[in-house]
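# Structural overview for review
As a plain string of letters, each chain reads:
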Amino acid sequence: MRLADFKTVFVIVVLNVIVSTITFIVVTDFCGLRLATQAGFSEVDLTSVTSRMTPKPNEGASATVVVEDRAGFSENGSTSSVIDSPVKSSANTMERQGSKPRLVVPHRAKSDNRAVAPSQLNGMDYLRDPKLFKGMAFTLEERQALGIHGLLPPRIKSLDEQADNCLRNLRRFEDPLNRYMYMVDLLDRNERLFYKLLSENTDELMPIVYTPTVGLACQKFGLAFKRPQGLFITIHDKGHVYEILKNWPETDVRAICVTDGERILGLGDLGAQGMGIPVGKLALYTALAGIQPHQTLPITLDVGTNRQELLDDVDYIGLRHKRITGDEYDAFIDEFMEAVVKRYGQNTLIQFEDFGNHNAFRFLEKYRNQYCTFNDDIQGTASVAVAGVLAALKATNTKLSDHTFLFQGAGEASIGIANLIAMAMEKREGIPHEEAMKKIWLKDSRGLIVKDRPEGGITEHKAPFAHPHSPMKELNEIVRELKPSVLIGAAAVPKVFTEEVLKDMASFNEKPIIFALSNPTSKAECTAEEAYTHTDGRAVFASGSPFPVFEGFGKRYEPGQGNNAYIFPGVGLGVITTGIHHISEKVFLTSAEALADLVTDDDLAVGRLYPPLSDIRNISVKIATKIAQEAYEEGTASTYPEPKDKEEFIRGTLYDYNYSGSSALPKQY
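Each value, and the rule that gives it
- Residues numbered from 1 in each chain as written.
- Predicted model: local features only at pLDDT ≥ 70, side-chain atom pairs only at ≥ 80, totals over all residues.
- Heavy atoms only, no water.
- Pairing = 2+ DSSP bridges.
- Helix = DSSP H or I, 4+ residues; strand = E, 2+ residues; numbered from the N terminus.
- Axes fitted to C-alpha atoms, helices over the stretch in contact; angles between N-to-C directions.
- Contact = heavy atoms within 4.5 Å.
- Core = buried A, V, L, I, M, F, W, Y, C linked by side-chain atoms within 4.5 Å.
- Buried < 20%, exposed > 50% of the residue type's maximum accessible area, 1.4 Å probe, protein only.
- pLDDT = per-residue confidence, 0-100.
- Polar contact = N/O pair within 3.5 Å; in protein donor to acceptor, adjacent residues only side chain to side chain.
- Parallel < 35°, antiparallel > 145°, perpendicular 65-115°, else oblique.
- Phe/Tyr/Trp six-rings, centres within 6.5 Å; stacked < 30°, edge-to-face > 60°.
- Lys NZ or Arg CZ within 6 Å of the ring centre and 35° of its normal.
- Salt bridge = Lys/Arg side-chain N within 4 Å of Asp/Glu carboxyl O.
- Right-handed = clockwise from strand over helix to strand, strands pointing away.

### Some words on the sheet that holds strand β8 (residues 373-375)
With respect to topology, 5 strands assemble into an open sheet ordered β4-β6-β5-β7-β8, the strand pairing being parallel. Two strands in the sheet have a free side with no partner beyond their single neighbour: β4 (231-234) and β8. Taken over all neighbouring pairs, the strand axes of this sheet differ in orientation by 25° on average, direction set aside. Where helix α14 (residues 327-344) meets the sheet, its contacts fall on β4, β5 (255-259), β6 (296-302) and β7 (349-352), and the angle it forms with β6 comes to roughly 160°.

Here you go:
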């Protein structure tokens, strides 16, 4: 063969190889693109993935894929779903599942598994990620397609069967803390099963995942911590708060609950171990109001603790120094608020929880007109208490202006309730605000708050309630002097509503209204049994912690729990769905009225001032709907166009914890 002929043959062979290779690549990419787009990806999504699959320099044979979301945000490891696939040189290591890139899903990662192309998830991801895991509810087809057949027992269960099994397991534990730990473990294993269980068994389980058990869980948090459920940001991170927020794997955060742990329930300064509160609160956002779990973010701001026993505790999880205060602390909080808006947007709801009294009031005043924020200890407690008072008016057939109110305590909760009662009098009965305030008295640790009090002084927030009167210190003497018809305790002083005080209340009131709102149960001013017993069964009673049914005086009493959970999930749902930027006091009075309207005659007949907790998800929707109606009427809503049927619109946003319609298999191959 001549040299020219040899060259011609060689060129033809090379061209054939090139054409074949190009054809294979085009066909492969087209098939992958079609499958992925049918799973919810756009061509732009796939381009951003495939164009960045090149191994980084000096990282051996590891390939990292960084997925850009549809809004164009580059999620560079701190906020993205990261696919880490070891690239092996040996063909023998390329097994069926092992040959796929493995999605390393961070805890609480993106809820919507449709945001990931099927080829980017393998079977083990579905077993490890609590958002994808269905336990024994995986169908036979799913088990075989995912390569997990044999890794699960052969029985296939329904979600209802799983929930029944969990309840029976939970009830085996007698210790409330063990029950709390079981629920936390369930959330870490199977998110949808957790929320089904909590949503459909609220009466039984809310005292476990929130008050009163959460207080004990916070005290033992150093022993209970297993894996991250929120962000810990310390004051030593000052200057880098935004970067830490980027480490949270979600970008669509709508609601944040934040604490600095200084005043956890009635337990005082628990420092970083207060994380149990925002975790519990936001679990209720989802379970009781249907807010998407991936849109919530619990945060603890750790600035130290002043409780020496925690500093000396070998298991304490926070910073081991006294609290940092003053300008440095304020600058840290300012940076946090700015970082939240920069990361998640101006209308991100920021709920302040369990800050010290001296900080809670000033932060509320400082930030309420700059950010979408509220303080649940001040405003949420006020709203649920006023709802109870409005229901009590129905039970006693009276008006607000007929009553004299006395508060045992003058902290965040008491002042918040007192202010909202005065606002309600003005709105509902036309009583001028100044006149309404005269019907409200407060007692703090130094005695009755009066004008020119010689001992203890009066802070700015207490001053409007300082009326002309001689100083008095003891609660029983104050009760006899003022003869209040409504006695409200919110200072975490246990057993302060003594037999003497309760009998005095019954002596000059046909139906004394008594609210023992402090929690946990060990801090309650009195029990339901004590309230009914010492008033001959005539008390109209509500509490902050749950109490059992009481039978006496020829009647069955089912005391209502004035839990903030009646209010803050519905407020959060209403604010998020309507896009309210600044939350006014009107929102909380509206919520209180909406809640009181849901109390039926049957509830009042058994002494219950709140609707059954079993209906709380529907209650939250009703509260959110009323908030939405007023927001659009007053022009404070930013979600447009305005929904014609606001309740239907809100229900359409709710989180669905059911497995139905959720399959690990693509709709088309």
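### Considerations on the nonpolar core
Core analysis: the biggest nonpolar cluster contains 156 residues, and Ile 233, Ile 299 and Phe 336 have the highest contact counts within it. Ranked by the residues each element gives to this core, the list is headed by helix α16 (residues 376-396), at 11 residues. Counting 27 residues, the second-largest nonpolar core is a separate cluster that includes Trp 441, Leu 475, Ala 516 and Ala 531.

### A short note on the confidence of the model for the protein
Counting all residues, the mean pLDDT for the protein is 86, and 83% of those residues have values of 70 or more. Taken as a whole, residues 30-111 scores under 50 in pLDDT and shows 147 contacts with residues more than four places along the chain or in a different chain.

### Digging into the side chain of Asp 260
Turning to its location among the elements, Asp 260 is positioned in the loop between β5 and α12 (276-289). Taking relative accessible area as the criterion, Asp 260 reaches 1% and is therefore assigned buried. Here Glu 262 takes part through its backbone nitrogen, which lies 3.2 Å from a polar atom of the side chain of Asp 260. Once you skip the residues sitting within four places of it in the chain, Asp 260 turns out to touch Gly 271, Leu 301, Arg 323, Tyr 329, Glu 353, Asp 354, Phe 355 and Gly 356.

### Description of helix α20 (residues 499-507)
Of all the residues in α20, the buried ones are Val 501, Leu 502, Asp 504, Met 505 and Ala 506. Check the buried side of α20 and you find it contacts α19 (475-482), β12 (486-489), β13 (513-516) and α21 (528-533).

### A word on the packing of helix α7 (residues 191-200) against α12
Contact geometry of α7 with α12 gives a least axis separation of 9 Å together with a crossing angle of 70°. Between α7 and α12, the crossing angle belongs to the class labelled roughly perpendicular. Residues Phe 194, Tyr 195, Leu 198 and Ser 199 of α7 form the contact with α12, whose participating residues are Ala 283, Leu 284, Thr 286 and Ala 287.

### Some remarks on the packing of aromatic side chains
Within this structure, the stated rule accounts for 23 aromatic pairs. With a centroid separation of 5.4 Å and an interplanar angle of 55°, the aromatic rings of Phe 374 and Phe 588 are classed as tilted. With Phe 374 in strand β8 and Phe 588 in helix α23 (residues 585-597), the pair connects residues that are 214 residues apart, well separated along the chain. Its relative accessible area of 0% is what places Phe 588 among the buried residues. One aromatic cluster is present, built from ring pairs that chain together Tyr 329, Phe 352, Phe 355, Phe 363, Tyr 367 and Tyr 371. A cation over an aromatic ring shows up here: Lys 342 above the ring of Tyr 242, its NZ or CZ 4.3 Å from the ring centre.

### Here's the deal with the pattern of salt bridges
Using the criterion set out here, one finds 38 salt bridges in the structure. The salt bridge partner of Lys 196 is Glu 200, with a shortest N-O separation of 3.0 Å. Here Glu 200 and Lys 196 lie together in helix α7, a separation of 4 residues that amounts to about one turn. For Glu 647, the salt bridge identified is with Arg 651, shortest N-O distance 3.1 Å. Taken together, the residues span about one helical turn, with Glu 647 and Arg 651 both in helix α26 (residues 646-651) at a distance of 4 residues. One salt-bridge network, in which partners are shared between bridges, spans Glu 551, Arg 556, Glu 558, Asp 603 and Arg 608.

### Quick look at the pairing of β6
Within a regular beta strand, the side chains point alternately toward one face of the sheet and then the other, so they alternate between its two faces. Across the 7 residues of β6, 7 count as buried, placing the element largely inside the fold. Neither face of β6 is left uncovered, since the one carrying Thr 296, Pro 298, Thr 300 and Asp 302 and the one carrying Leu 297, Ile 299 and Leu 301 both have all their residues buried. Looking at chain direction, β4 and β6 are connected through 4 bridges and run parallel. Considered in β6, the bridge of Leu 231 is made with Ile 299. Direction of pairing for β5 relative to β6: parallel, over a ladder of 5 bridges. By the bridge assignment for β6, Cys 257 is matched with Pro 298. With respect to chirality, the unit in which β5 leads through α12 into the neighbouring parallel β6 is right-handed.

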